[in-house]
Amino acid sequence: MQMTTPPIESDPVSCPGFKLERQASGQLLFTGAQGEQHAGVVPVRAFPIAAPDEGISLVSTEGREVAWIALLQDLPPAERTLLQDELALRDFVPQILRLKSVSTFATPSIWAVETDRGDTTFVLKGEEDIRRLGRTALMIAGGEGVQYSVPDMSALDRASRKLLERFL
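Read on for an overview of the structure. Please read all numbers here as calculations on a predicted model, not as lab measurements.

**Regarding unusual backbone geometry**
With omega at 5 degrees, the peptide bond leading from Thr107 into Pro108 counts as cis. Mapping Pro108 onto the fold places it in the loop between β6 (96–102) and β7 (109–115).

**What to know about the environment of Arg64**
Relative to the assigned elements, Arg64 resides in the loop between β4 (54–59) and β5 (65–71). With 22 residues separating them along the chain, Arg64 and Glu86 place their C-alpha atoms 18 Å apart.

**Here we look at helix α1 (residues 77–90)**
In this model, α1 (14 residues) spans 20 Å end to end at C-alpha, consistent with the 20 Å of a helix rising 1.5 Å per residue. Looking only at α1, the buried set comprises Glu79, Leu82, Leu83, Glu86 and Leu87. The arc that holds the buried residues of α1, viewed along the axis, is 130 degrees, so those residues lie on one side. Counted as exposed and oriented over 90 degrees from the buried face of α1: Pro77 and Ala78. Where the residues of α1 are buried, they touch β1 (19–22), β2 (28–31), β3 (37–45), β4 and β5.

**Comments concerning the nonpolar core**
In this structure, Ile96, Leu99, Trp111, Ile140 and Leu164 are the most contacted members of the largest nonpolar core, which totals 17 residues. Contributing elements (two or more residues each) for this core: β6, β7, β8 (118–124), β10 (137–141), β11 (147–150) and α2 (158–165). Take this core: its biggest share by element is three residues, from β6. Aside from chain neighbours lying at most four places away, what touches Leu99 is Trp111, Ala112, Val113, Ser160, Leu163 and Leu164. One finds Ile56, Leu58, Ile69 and Leu72 within the second-largest nonpolar core, a separate group that totals 15 residues.

Each value, and the rule that gives it
Residues numbered from 1 in each chain as written. Predicted model: local features only at pLDDT ≥ 70, side-chain atom pairs only at ≥ 80, totals over all residues. Heavy atoms only, no water. Helix = DSSP H or I, 4+ residues; strand = E, 2+ residues; numbered from the N terminus. Expected span 1.5 Å × (residues − 1). Buried < 20%, exposed > 50% of the residue type's maximum accessible area, 1.4 Å probe, protein only. Arc of directions from axis to C-beta. Contact = heavy atoms within 4.5 Å. Core = buried A, V, L, I, M, F, W, Y, C linked by side-chain atoms within 4.5 Å.

Next up, the structure:
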């Protein structure tokens, strides 16, 4: 008895043998190695926090994966820059550079912070909204649904570290 596998409609491209460009509409146009085109593809990170430059899928408007990019750095510079720009539009995760003040050391509390996107305030609903990512990185969920990152707590100034340690 011979086992056969059903034909797959289209295998996603797993190596950089494609072309990617931005159309006048602002959408991304994917052209595969065989010339097939998909307008409006969307890049999706497999591991947006742990490995943001690894495992990126290009998904068609029908929800099918048309390409898999193992490492962003393996792409030619033009495609890599285009994808980085597109991913930056989709992934809004401000990086906390400095904690300016905290309303109270109990939760909920209002945090005033300086980020790479400017100064802002957010509500920390509970201490469980601060997640450790490794030894020195943190992800903090603001009350409005925005995620804030602290890639390296040791890089913060002393006053910021002292405020943050009260919640860890």
